[in-house]
Amino acid sequence: MAKSKEKKRKSEVKKESENVEKVENMGTLDVTIKEISDRPDTKTSPVIGYFPSGYDPLKNSNDPESESEPNASVKVYRSVNSRNPSNPRMQVVVGPSGSLVNFVGTNYSGEATTPQLCNYALGVLDKETGVLKMVPIAANRIFRLDPKVGGIEEAENEPVDGEKEEITKEEKDKIFRNLTFIYSTKQNFKRDVTRENVRQTEEPGMEGNMEQKLKGIEINTEAIEAIAYTANQHNIPPYDVEATSPEMAYPLDKIILKGDWNYLVDIFELVEAGSDLSSDVYPSFVCNRARKIGNIEDESKRRRMAGILSYMTHLIKYKDRHSMDGVSSSRRHKLPSILAQKFSSMFNTTKENRIPDDKQNLLISYVLVLSLFADDFRSDMSDIAKDLRINSLALRPRYEYLGCKLVRDKKDKKVLLATLPVPLKFQKPNKKRRQK
């Protein structure tokens, strides 16, 4: 009995040693991963289907090296009139030869209509070149191929394609809000309520008759011409051409909304704790102005100044994140999700692409206007030009497009300051005379 147990143990040790030798003999392979982006307008991404019934379409197939036709045909149908081109209605049909049964899967019925919590991709490794190509699966769907008998079976509750409407983004958001309210935590529900408040751009009580509101308003044609010219050249933040003070020329409550201030407390907390701002985390303009916060006696004004500097930081880091020359400086920056959604909508960006040129001008204009608030409307443009990665000479016309006037500092004539006279007067285009 003891001998049989010892023989059994020796055989198991021998098998384990053989497995270890096999693993050691397996060599390593250096692979270059290449991600192929999904472009629904030019080509269709791969789709994956599975058979819950256990059917294997390749079970009785011919030799792969032969030139005969396979025993099953695969067809993929895609709607060309879909309201959502990035996720069109698709149908996969696998038809075994000589059978009336087709296996059909869709991305708009059955389990495909449940929320998709995972993204899927298909990897293809070329051992000769050492390249692993990662291709996203179409619409992140895996098709469940259920058997259908042609001409007999029809979905009882599935409406005709012409009658079925795809769910819109607004309807989907409403469904998720209701699910959050029923099943999620109070913190998540409060977060969604805050997001809705941030999205509100109009104050309550502004729903009256517009014609009555416009009666008696004098039209300033010169201001309209200046606005049209400025809008074509550079986007600018909300402003008031009739303002009598620099603070009202660019209303701060239209730039930093009420719901944004709750996410702009990082600099205030650091200053109150006596900590210094790290130049690796915050822009040089913000670091140089942080000491001014401690000299302000009123706490509400200290919070206001710190919030302005914090908002500038988020804007500058957001610009760096979506540009080629500043990605490394924004890796350690933590941008609140609510502000990230707001900036993505304001500047027409996604998670991966760069900011369009016109929207980048708008972002820079927001930063310059906030720099005026931080410097009491006498702003030195040297350090903000460094943070924006723009030459100081190229930054001067940007201030002038915002209605600013450049003056020399009385203490140091070499320093050029940007001031904001009121009422706002934008530069007008230079109209060249036609040569006769």
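Everything quoted here is computed from the prediction, not taken from an experiment.

Caption draft 1: The overall build of the chain, seen in detail. The helix and strand tally for the chain stands at 14 helices and 12 strands. Relative to its full complement of 436 residues, the chain shows a buried share of 31%. By sequence separation, contacts in the chain at least 24 residues apart represent 61% of the contacts at least 6 residues apart. Looking at the chain as shown, the accessible area adds up to about 30,700 Å², and 50% of this sits on carbon and sulfur atoms.

Caption draft 2: Local environment of the nonpolar core. Within the largest apolar cluster, 57 residues are counted, with the highest numbers of intra-cluster contacts made by Y250 and I384. Dropping the residues within four chain positions of it, I384 is found in contact with F285, M312, I316, V367, L368, L395 and Y399.

Caption draft 3: Focus on the sheet that holds strand β10 (residues 378–380). Read across the open sheet, the 3 strands follow the order β10-β12-β11; overall the sheet is antiparallel. Both edges of this open sheet fall to β10 and β11 (405–408), since each of them pairs with a single strand only. The average undirected angle you get between the axes of adjacent strands in this sheet is 40°. Sheet analysis places β10 next to strand β12 (residues 416–419), joined by 3 bridges and oriented antiparallel.

Caption draft 4: Layout of a nonpolar patch on the surface. Among the surface-exposed residues, I175, F176, L179, F181, I182, Y183, F189 and V193 lie close enough to one another that they form a single nonpolar patch of about 820 Å² accessible area. Broken down by element, the nonpolar patch gets its largest block of residues, 6 residues, from helix α2 (residues 169–183). Looking at where L179 falls in the secondary structure, it is placed in helix α2.

Caption draft 5: Highlighting helix α12 (residues 357–374). Relative to the 26 Å expected for 18 residues at 1.5 Å per residue, α12 spans 26 Å between its end C-alpha atoms, a close match to the ideal helical length. Of all the 18 residues making up α12, 15 are buried; the element is thus mostly covered by neighbouring parts of the structure. Within two residues after α12, D376 carries a phi angle of roughly 55°, on the positive side.

Caption draft 6: Just unusual backbone geometry, in detail. Looking along the chain, the bond that leaves V422 and enters P423 is cis, with omega of -5°. Of note, P423 is situated in the segment after β12. The phi dihedral of D376 is positive, around 55°, even though this residue is not glycine. Relative to the elements of secondary structure, D376 occurs in the loop between α12 and β10. Of the residues examined, D376 reaches a relative accessible area of 57% and is grouped as exposed. Of note, the phi angle at F377 is positive, near 65°, even though the residue is not glycine. Summarising the element assignment, F377 is placed in the loop between α12 and β10.

Caption draft 7: Quick peek at the packing of aromatic side chains. One pass over the structure, following the stated rule, counts 9 aromatic pairs. The interplanar angle of 45° and the centroid separation of 6.2 Å between the aromatic rings of Y318 and F347 together place this pair among those described as tilted. Of this pair, Y318 sits in helix α10 (residues 299–321) while F347 sits in the loop between α11 (337–346) and α12, placing them 29 residues apart in sequence. With a centroid separation of 6.4 Å and 80° between ring planes, the pair formed by F347 and Y366 is classed as edge-to-face. Taken together, the residues F347 in the loop between α11 and α12 and Y366 in helix α12 connect sequence positions 19 residues apart. Residue F347 shares its accessibility class with Y366, and that shared class is buried. By the ring-pair criterion, three or more aromatic residues cluster together here, those being Y311, Y318, F343, F347 and Y366.

Caption draft 8: Seen up close, the pattern of salt bridges. Throughout the structure, instances matching the rule amount to 7 salt bridges. In this structure, E272 engages R302 in a salt bridge whose closest nitrogen and oxygen atoms are separated by 3.2 Å. Taken together, the residues E272 in helix α8 (residues 266–272) and R302 in helix α10 connect sequence positions 30 residues apart.

Caption draft 9: Spatial organisation of the packing of α10 against α12. The geometry of α10 relative to α12 is characterised by a closest axis approach of 10 Å and an angle of 155° between their N-to-C directions. In terms of their interaxial angle, α10 and α12 are classed as roughly antiparallel. The interaxial crossing formed by α10 with α12 has left-handed handedness. Along the contact surface, α10 presents R304, M305, I308, L309, Y311, M312, L315, I316, Y318 and K319, while α12 presents Q360, L363, I364, Y366, V367, L370, S371, F373 and A374. Partitioning the contact of α10 with α12 into residue classes produces 15 nonpolar, 2 polar and 2 charged.

Caption draft 10: Representation of the sheet that holds strand β5 (residues 101–106) within the structure. What the 4 strands build is an open sheet, ordered β3-β4-β5-β9; its pairing is antiparallel. Pairing within the sheet leaves two strands with one partner each, and these edge strands are β3 (72–78) and β9 (146–149). Mean inter-strand twist for the sheet, computed between neighbouring axes without regard to direction, equals 30°.

Calculation notes
- Residues numbered from 1 in each chain as written.
- Predicted model: local features only at pLDDT ≥ 70, side-chain atom pairs only at ≥ 80, totals over all residues.
- Heavy atoms only, no water.
- Helix = DSSP H or I, 4+ residues; strand = E, 2+ residues; numbered from the N terminus.
- Buried < 20%, exposed > 50% of the residue type's maximum accessible area, 1.4 Å probe, protein only.
- Contact = heavy atoms within 4.5 Å.
- Areas by Shrake-Rupley, 256 points an atom, 1.4 Å probe, with all protein chains shown as cover.
- Core = buried A, V, L, I, M, F, W, Y, C linked by side-chain atoms within 4.5 Å.
- Pairing = 2+ DSSP bridges.
- Axes fitted to C-alpha atoms, helices over the stretch in contact; angles between N-to-C directions.
- Patch = residues over 30% accessible without salt bridge, like charges linked within 9 Å, V, L, I, M, F, W, Y side chains within 5 Å.
- Salt bridge = Lys/Arg side-chain N within 4 Å of Asp/Glu carboxyl O.
- Expected span 1.5 Å × (residues − 1).
- Phe/Tyr/Trp six-rings, centres within 6.5 Å; stacked < 30°, edge-to-face > 60°.
- Parallel < 35°, antiparallel > 145°, perpendicular 65-115°, else oblique.
- Left-handed = near helix turned anticlockwise from the far one by under 90°.
- Nonpolar A, V, L, I, M, F, W, Y, C, P; charged D, E, K, R; others polar.

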